[in-house]
Amino acid sequence: MLSTLFFRPAVAAVGLTLVLAASPAAQAALFKDAQFQTLLDAGRYEDLDLVAKTRLKGKPDDAQALAAAAMASSDVYDAQRLDAAAKFAQACREREPREAACYYAAAEVMGHQVQMISPLKAVGMVGRLKEALHKALELDPTLYAARSKLVQLYLFTPQMLGGSMAKAKALEAEIRASQPDQARLLRSLTLASAEKWPEAERELLAVRAGADGALQADVREAYSQLGRHWMKEQQFDKAKALFQQLQRDQPGKAMAAYCLARLAMDQQQYEEAVRQLERAKTLGGAQQLPLDHRLGEALLGLGDKAGAKAAFARAAADKRVRPNYTKDARKSLAELD
């Protein structure tokens, strides 16, 4: 979910979805270096890349900088950049095999790569992805981001490929005392996976994310998932209340406006959808959301074919959103020609 889901791979053939982050005493940041962590939490990947690579020029064996460089290059669905990110993550593990950030960064990279390869190859990558997350958590049991992604891996991977509700619940139970809000979020995920939606909502609404960037990202994804469920059930008022609560809790982030736009579109309120999408573009995390794809759909609903074509063209060239969105945008663009 995904922070930042941050990291949300999906393999349709195996049903795998990883969505991307506390009590202050128990919170563990990915980076010991405060500057790296601040840039990561803010989603400033270009700045993170610059700072990390500047550090590496003077200290090429700096494990934190290697992990930061891997993370910075893992925010796009571009094979060349992801290959470079994988090399940084590998170098990080070789230089400092006891550094949890190295293994987590490797998992982030694989999470993006898995969406750009064939389903058969993706199935083969699941094991390596799981191993990297387990190692990160072994080295730092308080690293919530790794725990969250492992929980989701167990929830959404078919049982024949290693999925396990029991293991997901066990990972949550381990941190109930030390990280109660993180545990509550993970309980919400397991309940949603079991389609116990009212119970999932109660747990989610009780989460207090504080300043934990990874938990904040998971909260955004969980609100989005739960709201989409209520939308499918035609319970639009419940979905709207959720999205508005998220907007109050995280006013500087784009997710709530994006979700409100989707809600408006489901109700054929296209002008409102355009307004929310334009607002979302000005907020944090906008680059990781398929805003132009949705904008094209909304403009098409308003009868603005030229505006829709321009939006779909931008969406089709966007490497920061998941490949299925760019594929859909190319299809929509072709239909308008």
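The structure presented is a predicted model; accordingly, all values stated were derived computationally and were not measured.

**Student:** Let's hear about the pattern of salt bridges: which residues, and what values?
**Tutor:** By the definition in use, this model includes 24 salt bridges. The partner of Lys 135 in a salt bridge is Glu 138, and the shortest N-O contact between them spans 3.3 Å. Here Lys 135 pairs with Glu 138, and both are found in helix 6 (residues 119–139), just 3 residues apart, close to one helical turn. On the basis of relative accessibility, which here comes to 51%, the residue Glu 138 falls in the exposed class. It is possible to trace a salt-bridge network through shared partners that takes in Glu 172, Arg 176, Asp 181, Arg 184, Arg 187 and Glu 203.

**Student:** Mind laying out the packing of helix 13 (residues 255–266) against helix 14 (residues 270–280), listing which residues take part and the relevant values?
**Tutor:** Here helix 13 crosses helix 14 at 165°, and the two axes come no closer than 8 Å. The angle between the axes of helix 13 and helix 14 places the two elements in the roughly antiparallel class. Crossing angle aside, the handedness with which helix 13 passes helix 14 is left-handed. For the pair formed by helix 13 and helix 14, the contact residues are Ala 257, Tyr 258, Leu 260, Ala 261, Ala 264 and Met 265 on the first element and Tyr 270, Glu 272, Ala 273, Gln 276, Leu 277, Arg 279 and Ala 280 on the second. Considering only residue class, the contact of helix 13 with helix 14 consists of 10 nonpolar, 1 polar and 2 charged.

The rules behind each value
- In this numbering scheme, every chain counts its residues from 1 along its sequence in written order.
- For a predicted model such as this one, the threshold for reporting local features is a pLDDT of at least 70, and the threshold for listing and counting side-chain atom pairs is 80 or more; totals across whole chains, interfaces and linings nevertheless cover every residue.
- Water and hydrogen atoms play no part in the side-chain values, which are based on all heavy atoms of the structure.
- The rule for a salt bridge is simple: a side-chain nitrogen of Lys or Arg has to be within 4 Å of a carboxyl oxygen of Asp or Glu.
- In this text, helices come from DSSP runs of H or I with a minimum length of four residues, and strands from runs of E with a minimum of two, each type numbered from the N-terminal end.
- Think of it in three bands: with a 1.4 Å probe and only protein chains considered, a residue is buried below 20% of the maximum accessible area for its type, exposed above 50%, and partly exposed in between.
- Lines fitted to the C-alpha atoms define the axes, with helices restricted to the stretch that makes contact. Angles between their N-to-C directions range from 0 to 180 degrees.
- If an angle is under 35 degrees, it is roughly parallel; if it is over 145, roughly antiparallel; if it lies from 65 to 115, roughly perpendicular; otherwise it is oblique.
- What makes a crossing left-handed is the near helix being turned counterclockwise from the far one by less than a right angle; a clockwise turn instead makes it right-handed.
- Here, two residues are considered to be in contact whenever any of their heavy atoms come within 4.5 Å of each other.
- Three classes are used, and their members are as follows: Ala, Val, Leu, Ile, Met, Phe, Trp, Tyr, Cys and Pro are nonpolar, Asp, Glu, Lys and Arg are charged, and the others, Gly among them, are polar.

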